[in-house]
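In case you want the letters, here they are:
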Amino acid sequence: MNFKIIAVAAALLATQSFAIIGIGAHYAPGFGTSMKAGPKAVVSKNSNDISFSHEGFDETMQGFGFKLWIDLLPIIDIEGTFNIQFGSYDASLYVKNPTSGAENEIPLEIELGGTPFAKANPKYVAMNGDLSITYPITSLPVIRPYIGGGLTVFANSFVLNQAYVSSLVDDPTITAMLQEAVANGADPALAQQQADKLQAAGEALKQRVQEKAAKESIKTSIGGHALVGFRLKLPIIPIAAYCNFKYYFGGEYPEEIDPGHMTLEVGGGLAI
């Protein structure tokens with residue numbers, strides 16, 4: 001009986017185990033990408049009492065993605081991939097009382113249009129769509145190594161920076177609130193009144209930032225990628241696992257972003 005089991009197992013391993021088409025999902029961290037922090041700076045042309053700053057990040061960007069692959073063609077295979085990656089950072093408005101000099105921090109939360117994230121700490125979001133042609137090594141029955149490359153469409157969100165916030169302070173309503181708040185100068189008798197008016201101006205600016213960010217479009221650009229990876233699939237079972245390492249080139253990014261260009265895709269899916 002043991003010999004029969006061994007013979008059947010050997011026959012299965014000798015059988016071509018790879019599918020015609022597959023679809024899967026994967027974890028897709030991005031490596032080496034960093035964002036520069038912005039120093040605290042005055043953002044109002046009409047008052048020195050409202051400032052803004054944002055932090056940066058220097059870590060692995062978390063991400064996930066989806067993949068469709070076709071093994072049917074002779075010599076080459078084709079993959080289509082969509083990935084989304086993100087890094088979070090803090091951003092705040094600072095409202096200073098011109099009389100006491102005390103500062104009140106207003107943390108900002110925004111919702112980015114065109115991304116699947118709700119209102120939260122600001123995020124830099126990078127999305128890409130890859131069309132890859134790969135050359136597989138088909139002599140192995142269970143594991144299928146390959147190398148390849150192809151075209152990438154990049155889609156990146158904006159960074160909430162001083163220039164962006166400063167452009168929103170020119171809103172007539174906010175300008176009038178700032179001018180009213182500082183109209184009487186540093187009068188100690190009006191310190192609390194000034195503080196309340198400046199706080200209201202800061203909250204109005206926060207709301208303006210949130211509304212504008214939700215309407216902000218994602219910026220797209222074109223580049224490419226090279227990849228090396230493998231798929232693993234046992235015979236008969238219609239499930240496959242895969243792992244890809246990709247290096248990207250080209251594309252356009254916000255000036256605060258230093259892209260790492262590297263992504264790992266580890267996942268699996270249905271292989272028919």
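Quick caveat: nothing in here was measured; it's all calculated off a predicted structure. (Residues numbered from 1 in each chain as written. Predicted model: local features only at pLDDT ≥ 70, side-chain atom pairs only at ≥ 80, totals over all residues. Heavy atoms only, no water.)

### Considering the packing of aromatic side chains
Here comes step 1: Evaluation of the coordinates by the stated rule reveals six aromatic pairs.
Here comes step 2: Centre to centre, the rings of Phe-154 and Tyr-248 are 5.8 Å apart; their planes meet at 70 degrees, and the pair counts as edge-to-face. A residue pair is termed long-range when its members are at least 10 positions apart, and Phe-154 in strand E12 (residues 143–156) and Tyr-248 in strand E14 (residues 239–250) qualify at 94 residues. The pair Phe-154 / Tyr-248 is uniform in exposure class, with both members buried.
Here comes step 3: Ring geometry for Phe-154 versus Tyr-253: centroids 6.1 Å apart, planes at 55 degrees, classification tilted. (Phe/Tyr/Trp six-rings, centres within 6.5 Å; stacked < 30°, edge-to-face > 60°. Helix = DSSP H or I, 4+ residues; strand = E, 2+ residues; numbered from the N terminus. Buried < 20%, exposed > 50% of the residue type's maximum accessible area, 1.4 Å probe, protein only.)

### Thoughts on the side chain of Asn-244
Here comes step 1: In this fold, Asn-244 is placed in strand E14.
Here comes step 2: A polar side-chain atom of Asn-244 sits 2.6 Å from a polar atom in the side chain of Tyr-146.
Here comes step 3: Contacts of Asn-244, omitting those with residues within four sequence positions, involve Lys-67, Glu-79, Tyr-146, Val-228, Gly-229, Phe-230, Thr-263, Leu-264 and Glu-265. (Polar contact = N/O pair within 3.5 Å; in protein donor to acceptor, adjacent residues only side chain to side chain. Contact = heavy atoms within 4.5 Å.)

### Remarks on helix H2 (residues 162–169)
Here comes step 1: All buried positions along H2 are accounted for by Gln-162, Tyr-164, Val-165, Leu-168 and Val-169. The buried residues of H2 occupy an angular sector of 165 degrees when projected down its axis, which confines them to one face. (Arc of directions from axis to C-beta.)

### A few points about the nonpolar core
Here comes step 1: Of all hydrophobic cores here, the largest spans 36 residues; its most connected members are Ile-50, Phe-52, Leu-93, Tyr-124, Leu-160 and Leu-205.
Here comes step 2: If you list the elements that add at least two residues to this core, you get strand E5 (50–54), strand E9 (91–96), strand E11 (123–136), H2, helix H3 (172–181) and helix H4 (191–215).
Here comes step 3: Of the residues forming this core, the biggest block, five residues, is contributed by H4.
Here comes step 4: Non-local contacts of Tyr-124, meaning those with residues more than four positions away in its chain, are made with Phe-57, Met-61, Gln-85, Phe-86, Gly-87, Tyr-89, Asn-156, Ser-157, Val-159, Tyr-253, Pro-254 and Ile-257. (Core = buried A, V, L, I, M, F, W, Y, C linked by side-chain atoms within 4.5 Å.)

### Side note on the sheet that holds strand E6 (residues 57–58)
Here comes step 1: One open sheet accounts for three strands, arranged E6-E3-E15; its pairing is antiparallel. What marks the edges here is a single partner per strand, and that holds for E6 and strand E15 (257–258).
Here comes step 2: Pairing geometry for strand E3 (residues 34–35) and E15, over two bridges, is antiparallel. Looking at E15, one finds that Met-35 is bridged to Ile-257. (Pairing = 2+ DSSP bridges.)

### Some details on the sheet that holds strand E10 (residues 103–107)
Here comes step 1: Taken in spatial order, the four strands line up as E4-E5-E9-E10 in an open sheet, and their pairing is antiparallel. In this open sheet, the two edge strands, each paired with only one partner strand, are strand E4 (38–42) and E10. The mean angle between the axes of side-by-side strands here comes to 20 degrees, regardless of whether they run parallel or antiparallel.
Here comes step 2: For E9 and E10, the ladder comprises five bridges, and the chain directions are antiparallel. Residue pairing in the sheet places Ser-92 in a bridge with Pro-107 of E10. (Axes fitted to C-alpha atoms, helices over the stretch in contact; angles between N-to-C directions.)

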